[in-house]
Amino acid sequence: MFQKILVANRGEIAIRVMRACREMDIKTVAVYSDADNKALFAMYADEAAYVGPAPASQSYLNMEKIIEVAKQTGCDAVHPGYGFLSENSKFARRCAEEGITFIGPSADVIDKLGSKIESRKIAKAANIPTVPGTEDAVKDADEAILVAKDIGYPVLIKASAGGGGIGMRVVNSEEEFKDALETTMRLAGSAFGDPSVFIEKYILNPRHIEIQIMADKFGNVIYLGDRECSIQRRHQKLIEEAPSPIMTPELRKEMGEAAIRAAKAVGYSNAGTVEFIFSNGKFYFLEVNTRLQVEHGITELITGVDLVKAQIRVAAGFELGMTQEDVSIRGHAIECRINAEDPLNDFAPSPGKIRRYRSSGGPGIRVDSGVHTGYTISPYYDSMISKLCAYGEDRDEAIARMKRALYEYVVIGVTTNIPFHKAVMENEEFKKGNLSTRFIDDNNIVPA
Ligand SMILES: Nc1ncc2cc(-c3cccc4ccccc34)c(N3CC[C@@H](N)C3)nc2n1
Ligand SMILES: [Ca+2]
């Protein structure tokens, strides 16, 4: 087992990883930038090292500096968290070269699944339902127009190296196609350094459902239930829940086993999430996220599995230690992302100093946060204050607890989206579980 782990991240996820390490008697090293030199997370570690100026490119994305700190402090492994270097195969390779274990899948697997075109091929070969579309990257507009005609408009042009909705363009008719293709290829080239794009039929207002997987280095893979992530705005998730309100044991088994097939096909190890869209009773493969996700906590709440400890164990070469039969789902969990943003001003970020802070608590409430009274939300990073999770025996109890927790939450000094979350918890469609990726557009949510 590792003796010391460098946590290559900041804020709530850095604290989350340090907590798991503390419980496993593993020492931790925090890395921090100028903007974080008084931040809470650094105090949860056994050691802390300065890695550079506030801009992420000069600190949390500074691979060589982070690897240098790992070596200087004698770390056996690095946990990347989410965002930053968590899906950067070059970083994973550099760690391996230095004999430092990257807590995540191998660099090759990150590369393979980082290509949506490659991922679709893997999914198809593994008998996973994929959205009708092109096999390979689009070579020229004419060929693409034929495919689009065949699958029927509207279609989506997607950047193969894209993620989180960036480099995705809806095309409603043949006339728009050519310049939509050029624009998307140009954007993909400049944003991801890879202009390859492919086409898919655009599935209108689907649900966004994902499956959590965990795999060891011996080919054992299990799925740990599902999460519904439909309530999002401009591809930023706001509210997630586990299980999905529409999940049935049969559907969960079908999606879970599909996710396992994809993982086994590429030799996956560690935590991962297989993303699907769901519409008219059918699910379709989208992509695989080769990292631990922000919303992992709601899966932990309904399965009782500590996903970060499992990541560390399998990265250290231990077997999963549990079989699919050992996984059981109990109750319902909801996560609200509490952000320093103003829902009445188009969710514009509202950084600044938190003058008074008191998070919610009590039965069924979990708060993962990196802030405190007197903390200044930095404009350099995301504006997340915390992840507020509510667990209940069933969805109604989870909603009731979330509502209570939202009314208890005290954040004075910055504007937050708490009023938005309160309004959703009281929204009739939400309470009925009638969700889709158009939920916010379709339901005029007036922040309470
Ligand atoms: N063929 C096809 N049809 C509908 C889709 C719907 C989404 C989607 C998923 C989740 C939220 C969305 C919000 C607005 C628009 C689209 C979405 C989607 N995503 C969004 C980002 C990435 N995870 C893939 N791919 C789609 N693909
Ligand atoms: Ca993704």
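Residues numbered from 1 in each chain as written. Chains lettered and ligands numbered in written order. Predicted model: local features only at pLDDT ≥ 70, side-chain atom pairs only at ≥ 80, totals over all residues. Heavy atoms only, no water.

Caption draft 1: The arrangement of the sheet that holds strand 2 (residues 27–33) in detail. Across the sheet, which stays open at both edges, the five strands sit in the order 3-2-1-4-5 with parallel pairing between neighbours. Lying at the two open borders of the sheet, with one neighbouring strand each, are strand 3 (47–52) and strand 5 (101–102). The sheet strands contacting helix 1 (residues 11–23) are strand 1 (4–7), strand 2 and strand 4 (77–79), and the helix crosses strand 1 at an angle near 170 degrees. (Pairing = 2+ DSSP bridges. Helix = DSSP H or I, 4+ residues; strand = E, 2+ residues; numbered from the N terminus. Contact = heavy atoms within 4.5 Å. Axes fitted to C-alpha atoms, helices over the stretch in contact; angles between N-to-C directions.)

Caption draft 2: Quick look at the coordination of the calcium ion (ligand 2). In the first shell of the calcium ion (ligand 2), the protein supplies Glu287 (OE) and Asn289 (OD1), at 2.3 to 2.4 Å from the metal. Under the relative-accessibility criterion, Glu287 is labelled buried at 14%. By relative accessible area, which is 5% here, Asn289 ends up buried. (Donors = N, O, S within 2.8 Å, 3.2 Å for Na, K, Ca; no water. Buried < 20%, exposed > 50% of the residue type's maximum accessible area, 1.4 Å probe, protein only.)

Caption draft 3: Up close: the packing of helix 5 (residues 107–114) against helix 6 (residues 116–125). At a closest axis distance of 5 Å, the pairing of helix 5 and helix 6 adopts a crossing angle of 95 degrees. Our classification of the angle between helix 5 and helix 6 gives roughly perpendicular. Along the contact surface, helix 5 presents Lys112, Leu113 and Gly114, while helix 6 presents Lys116, Glu118, Ser119 and Ile122. Residue classes in the contact of helix 5 with helix 6 are distributed as two nonpolar, two polar and three charged. (Parallel < 35°, antiparallel > 145°, perpendicular 65-115°, else oblique. Nonpolar A, V, L, I, M, F, W, Y, C, P; charged D, E, K, R; others polar.)

Caption draft 4: Broad picture of the pattern of salt bridges. Throughout the structure, instances matching the rule amount to 43 salt bridges. Of the charged contacts, one joins Glu135 and Lys124 as a salt bridge, the two residues approaching to 3.6 Å between their closest N and O atoms. On the criterion of sequence distance, the pair formed by Glu135 in the loop between helix 6 and helix 7 (141–151) and Lys124 in helix 6 is long-range, its members being 11 residues apart. A residue is classified by how much of its surface remains accessible, and Lys124, at 36% relative accessible area, is partly exposed. Of the charged contacts in the structure, one is a salt bridge between Glu200 and Lys158, with a shortest N-O distance of 2.9 Å. Remark: Lys158 occurs in strand 6 (residues 155–163) and Glu200 occurs in strand 8 (residues 197–201); sequence separation between them is 42 residues. With respect to class, Glu200 is no different from Lys158; both count as buried. (Salt bridge = Lys/Arg side-chain N within 4 Å of Asp/Glu carboxyl O.)

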